[in-house]
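# Understanding the architecture of this molecule
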Amino acid sequence: MTALVTHWINGQSWSGAVERTGDVYDPATGQVTKKVDFASRAVLDEAVTAAKAAFPAWRDASLTKRTQVLFAFREILNANKESVAALITEEHGKVLSDALGEVTRGQEVVEFACGIPHLMKGGFSEGVSSGVDVYSIRQPLGVVGIISPFNFPAMVPMWFFPIAIATGNTVVVKPSEKDPSAIMLIAEMWKQAGLPDGVFNVVHGDKEAVDGLLEHRDVKSISFVGSTPIAQYIYEAGTKNGKRVQALGGAKNHMLVLPDADLDLAADQAINAGFGSAGERCMAISVVLAVDPIGDELVAKIAERMPALRTGDGRRGTDMGPLVTGVHRDKVRSYVDAGEAAGATLVVDGRDIDVDGDAEGFWLLPTLFDQVTTDMTIYTDEIFGPVLSVVRVPSYEAGVQLINDHPYGNGTAIFTNDGGAARRFQNEIEVGMIGINVPIPVPMAYYSFGGWKASLFGDSHAHGTEGVHFFTRGKVVTSRWLDPSHGGINLGFPTQS
Ligand code: NAD
């Protein structure tokens, strides 16, 4: 019998009747290995009810108590990260070392959240008026919803829930239905760490569960990560229903290589950032802008490195795994067909399959296009696969113009040895996260992660101080104590005296 992944509500696996399910694949074999339970509105309601019931006690748990649970969770996660990584590789397909890296980056947010007593400190002004003090405090929102994508089944939810929990909220996570198991192991770890039942809940499913979160009056905020059309939908529906929303969308990340750059470094990094995790990263580089006259040399350097890349089952020590599903692989493949038909130069064709893995796996090998123009769909669209496009540009200015004109603005990188050029780039580029000789500039947990333009809907980026701000509301208290004198009745607007 195929194993079933079901919900986690009020500190335990849900045991109700299953109505609808989805298939979970092992992408390296192409086989369905599990089924995942799709929540109905009634199940979603059960999870929100559990989270709402847990909120008053968790909100009032002392900062010391909350921090103790976070520290315990961090230790358990750290001791078991290989098990989480193995589940990710089984269902997502990314190679084990990459899966382990994802868990580590998520763990960093837990470590950041362990410092919550400091992060929650408000301000205090003594004596703003005679005998009057003013201070500010931040308080949790209540039940918060988190909806995450397939490409980071552990790290992306961890961008949000450690901070949401640390600040006193209770959580309902709706992970991707494509790789639902890692979050279940994490739910068990929270229980082991001593988190009270109902503070952390997981509901699996599709649009029905998502719409349930968007429409539920007891859900106060939505943190979403996924493709741009869905992010826009989430932002519009969530805000219309009065919720605070941060919705992180898709990407098309450009790497600008100036003629003075170290071209070997640039070629290595284009490979790492273009084909790592089979290009299924929102911070993947998918466009290399080669500034004249280095185009031929840079393309040759990238191409000569590609035959050494081993694509295959991520459990076998390969460099790149399969794509997440057959449907997604076919979509990415259709972009390669379209690029070729549009006249781009296909330097390395990833459709010629030679892998260390099962023939039925969802394979597509690293692909390199040169002479790509900005009207081609391989340039305009987010492909989310191992397809790297080189666009030749005549100057630094022309490269910057292309990046700024592109609708997405998640990440970008410049490769140069000219500090002045790098400084100018960081100033004038319209993108949220910038690398200087660094291709995947994912900020550390104590900074905030987020793009510009069509890569983010809402005001707040993820984690860092913006994360703390997102999951809390401010209050300002004005107080007067023990001064028996008063000025009598005065209907004027209060001012300092
Ligand atoms: P997706 O948009 O298909 O799914 C994301 C979530 O939305 C999933 O939980 C899914 O179940 C749900 N969903 C899907 N269709 C829906 C619908 N019609 N109505 C309501 N909910 C729906 O994204 P994905 O394919 O899982 O992930 C890849 C995408 O995520 C890429 O576009 C990638 O760039 C983006 N991403 C962005 C970031 C970032 O930080 N900006 C990070 C990771 C991934």
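Our subject in this report is the structure included herewith. Residues take numbers from 1 onward in each chain, read along the sequence in its written order. Since the coordinates come from a predicted model, pLDDT governs what is reported: local features require at least 70, and pairs of side-chain atoms require 80 or more to be given and counted, while whole-chain, interface and lining totals use all residues. In computing side-chain values, all of the structure's heavy atoms are included and hydrogens and water are not.

So, about the site of the ligand. For this description, a residue counts as near a given molecule or strand if any of its non-hydrogen atoms is within 4 Å of it. Inspection of the region around the ligand gives 26 residues, with Lys174, Glu177, Ser227, Gly249 and Glu382 positioned closest. For the purposes of these results, a polar contact is taken to be a pair of N or O atoms within 3.5 Å, where, inside protein, one atom must be able to donate a hydrogen and its partner to accept one; residues adjacent in sequence count only when each atom of the pair is a side-chain atom. One of the backbone nitrogen or oxygen atoms of Ser148 is found 2.8 Å away from an oxygen atom of the ligand. Between a nitrogen atom of the ligand and a main-chain N or O atom of Gly249, the distance comes to 2.7 Å. The Shrake-Rupley method, run with a 1.4 Å probe, gives the accessible areas here. Residue values count only the displayed protein chains as cover. Alone, the ligand offers 840 Å² of accessible surface; in the complex the protein occludes 88% of this. Every helix listed is a DSSP run of H or I at least four residues long, and every strand listed is a run of E at least two residues long, numbered separately from the N terminus. Breaking the shell around the ligand down by element, the ones donating at least two residues are helix 8 (207–215) and strand 11 (219–225). A domain assignment, automatic or from a database, supplies the domain bounds used here. Looking at which domains feed residues into the shell around the ligand, each of domain 1 (3–249 + 455–477) and domain 2 (253–436) supplies at least three.

We now examine helix 10 (residues 263–275). Given the number of residues in a helix, its expected span is that number minus one, multiplied by 1.5 Å. For helix 10, built from 13 residues, the straight-helix expectation of 18 Å at 1.5 Å per residue is met to within 8% by its first-to-last C-alpha distance of 18 Å. Contact criterion: two residues are considered in contact whenever any of their non-hydrogen atoms come within 4.5 Å of each other. Structurally, helix 10 contributes buried residues whose contacts are with strand 13 (253–257), strand 14 (285–291), helix 11 (295–305), strand 16 (367–370), strand 17 (387–393) and strand 19 (411–415). For helix 10, the side-chain oxygen to backbone nitrogen distance between the N-cap and Asp264 is 3.1 Å, and the N-cap itself is Asp262. Downstream of helix 10 by one or two residues, Ser277 has phi in the positive range, about 55°.

This part covers the nonpolar core. Counting 66 residues, the largest nonpolar core has Phe73, Trp159, Phe161, Ile165, Val171, Trp190 and Phe200 as its most contacted members. No other element matches helix 6 (residues 155–166), which puts 10 residues into this core. Residue-level mapping places this core at the junction of two domains, with at least three residues from each of domain 1 (3–249 + 455–477) and domain 2 (253–436). Sequence-distant contacts of Val171, defined by excluding residues within four places in its chain, comprise Ala51, Val144, Ile146, Phe161, Ala164, Ile165, Val199, Phe200 and Asn201. Nonpolar cores are built from buried Ala, Val, Leu, Ile, Met, Phe, Trp, Tyr and Cys residues. Side-chain atoms within 4.5 Å join them into one set. For every residue, the accessible area (1.4 Å probe, protein chains only) is compared with the maximum for its type, and the residue is labelled buried under 20%, exposed over 50%, or partly exposed between those bounds. Grouped together as the second largest cluster of nonpolar side chains are 56 residues, Val336, Ala344, Ile383 and Ile429 included.

The next thing to look at is the pairing of strand 5 (residues 31–38). At least two bridges found by DSSP between two strands are what make those strands a pair. Where strand 1 (residues 3–5) lies against strand 5, 3 bridges are found, and the strand directions are parallel. Across the sheet, the residue bridging to Val5 is Val36, located in strand 5. Where strand 4 (residues 20–26) and strand 5 come together, 7 bridges link them in antiparallel fashion. When the bridges of strand 5 are listed, Gly22 appears paired with Val36. Adjacent in sequence and paired antiparallel, strand 4 and strand 5 are bridged by 4 residues, among which Gly30 carries a positive phi angle near 75°.

So, on to the pairing of strand 8 (residues 143–147). Most of strand 8 sits inside the fold, with 5 of its 5 residues counted as buried. Along strand 8, one buried face is formed by Val143, Gly145 and Ile147 and the opposite face, lined by Val144 and Ile146, is buried too. Examined bridge by bridge, strand 8 and strand 9 (residues 170–174) share 5 bridges and lie parallel to one another. Residue pairing in the sheet places Val143 in a bridge with Thr170 of strand 9. Since strand 8 and strand 9 lie parallel, the crossover through helix 6 that links them has a hand, and here it is right-handed. With 5 bridges joining them, strand 8 and strand 11 adopt parallel strand pairing. Bridging from a neighbouring strand, Ile146 pairs with Ser223 of strand 11. For a crossover, the right-handed case is the one in which the path from the first strand over the helix to the second runs clockwise, viewed with the strands pointing away from the viewer.

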